[in-house]
Amino acid sequence: MKKKSIFSKNAPDPVGPYPHAKQVGNFLFVSGAGPRQKGSDSIPGVELNADGSIASYNFEEQAHSVLTNIKMILEDAGTSMENVVDVTAFLTNMKDDFGTFNTIYKMYFKEDQPARTTVEVTALPTPIAIELKCIAIINPVEGS
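This write-up is about the structure you can find in this document.

## A word on the overall build of the protein chain
Phase 1: The helix and strand inventory of the protein chain stands at two helices and eight strands.
Phase 2: For 144 residues, the compact-globule estimate of 2.2 N^0.38 gives 15 Å, and the protein chain sits close to it at 15 Å.
Phase 3: Along the longest, intermediate and shortest principal axes, the C-alpha atoms of the protein chain span 50 × 30 × 20 Å.
Phase 4: Long-range contacts, defined here as pairs at least 24 residues apart, represent 67% of the contacts in the protein chain between residues at least 6 apart.
Phase 5: With the model as given, the accessible surface of the protein chain reaches about 8000 Å², and the carbon-plus-sulfur share is 51%.
Phase 6: Between the centroid of the 13 positive side chains of the protein chain and the centroid of its 17 negative side chains there is a distance of 9 Å.

As structure tokens, this is what we get:
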């Protein structure tokens, strides 16, 4: 089966040597995406200390930003949020942020929500509180 790398023109550049997503057949495997903004290293809702560690963060801003980035990657690949079948969410503070994440998540996945796994991690590659990866279908068969 042929594989195709997808690089979004609208989402922030990946922070490592990988594409935004990989298409294999009708499946799109979206790489982990954070809340950074295109063309900038700034992270919505994050204030850093002089040493680069997180001084404070606004989880709501980050959650909206990461879901918007996922949406842009999906659209640039030719699909949409409605075609996401699986989401893996990484949170750095499950206790404080899980409820907020669920509330915001429902704004982006209103009906027929995808399968989801949410795990707490001690750190992510940049000073962020959330990262998402997902699997979507491209050109889904009608009625499936």
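Picking up where we left off.
## As for helix α1 (residues 59–76)
Phase 1: With 18 residues, α1 extends 26 Å from end C-alpha to end C-alpha; this agrees with the ideal 26 Å at 1.5 Å per step.
Phase 2: The opening residue of α1 is N58, an N-cap whose side-chain oxygen sits 3.0 Å from the backbone nitrogen of E60.
Phase 3: Of the residues trailing α1, G78 is marked for its positive phi of about 95 degrees.

## Points about the environment of Q23
Phase 1: In this fold, Q23 is placed in strand β2 (residues 21–24).
Phase 2: The spatial distance from the C-alpha of Q23 to the C-alpha of N69 is 17 Å, given a sequence separation of 46 residues.
Phase 3: Beyond its immediate stretch of four places on either side in the chain, Q23 contacts K2, K3, K4, I6, L28 and I138.
Phase 4: Only 3.0 Å separates the side chain of Q23 from the backbone oxygen of G25, close enough to count as a polar contact.

## Concerning the packing of α1 against helix α2 (residues 94–108)
The description of two helices packed together rests on the angle between their axes and the distance between the axes.
Phase 1: At a minimum axis distance of 10 Å, the contact between α1 and α2 shows a crossing angle of 40 degrees. The hand of the α1/α2 crossing is right-handed. Contact with α1, carried on its side by F59, E60, A63, H64, L67 and T68, involves D97, T100, F101, I104, Y105, M107 and Y108 of α2 and no other residues of that element.
Phase 2: Grouping the constituent residues of the contact of α1 with α2 by class yields eight nonpolar, three polar and two charged.

## Thoughts on the packing of aromatic side chains
Phase 1: Under the definition given, this model contains three aromatic pairs.
Phase 2: A centroid spacing of 4.7 Å and a plane angle of 40 degrees characterise the contact between Y105 and F109, whose relative ring orientation is tilted.
Phase 3: A residue is classified by how much of its surface remains accessible, and Y105, at 4% relative accessible area, is buried.
Phase 4: A residue is classified by how much of its surface remains accessible, and F109, at 5% relative accessible area, is buried.
Phase 5: Three or more aromatic residues link up through ring pairs in this structure, and these residues are F101, Y105 and F109.
Phase 6: The ring of Y105 carries R116 above its face, with NZ or CZ at 4.5 Å from the centroid.

## Re the sheet that holds strand β7 (residues 115–120)
Phase 1: Spatially, the six strands line up as an open sheet ordered β1-β2-β3-β8-β6-β7, and their pairing is mixed. Whereas interior strands pair on both sides, the edge strands pair on one side only; in this sheet they are β1 (3–6) and β7. When strand polarity is set aside, the average angle formed by the axes of neighbouring strands in this sheet is 15 degrees.
Phase 2: For strand β6 (residues 84–91) and β7, the ladder comprises six bridges, and the chain directions are parallel. Each residue of the ladder has a partner; that of A89, found in β7, is T118.
Phase 3: Running over the sheet, α1 touches β2, β3 (27–33), β6 and β8 (130–137) and is turned about 30 degrees from β8.
Phase 4: Against the sheet, α2 touches β6, β7 and β8, its axis set at about 155 degrees to β7.

Reading the values: the criteria
- Residues numbered from 1 in each chain as written.
- Predicted model: local features only at pLDDT ≥ 70, side-chain atom pairs only at ≥ 80, totals over all residues.
- Heavy atoms only, no water.
- Helix = DSSP H or I, 4+ residues; strand = E, 2+ residues; numbered from the N terminus.
- Rg over C-alpha atoms; globule rule 2.2 N^0.38 Å.
- Contact = heavy atoms within 4.5 Å.
- Areas by Shrake-Rupley, 256 points an atom, 1.4 Å probe, with all protein chains shown as cover.
- Lys, Arg positive; Asp, Glu negative; His and termini not counted.
- Charge placed at Lys NZ, Arg CZ, Asp CG, Glu CD.
- Expected span 1.5 Å × (residues − 1).
- Polar contact = N/O pair within 3.5 Å; in protein donor to acceptor, adjacent residues only side chain to side chain.
- Axes fitted to C-alpha atoms, helices over the stretch in contact; angles between N-to-C directions.
- Left-handed = near helix turned anticlockwise from the far one by under 90°.
- Nonpolar A, V, L, I, M, F, W, Y, C, P; charged D, E, K, R; others polar.
- Phe/Tyr/Trp six-rings, centres within 6.5 Å; stacked < 30°, edge-to-face > 60°.
- Buried < 20%, exposed > 50% of the residue type's maximum accessible area, 1.4 Å probe, protein only.
- Lys NZ or Arg CZ within 6 Å of the ring centre and 35° of its normal.
- Pairing = 2+ DSSP bridges.

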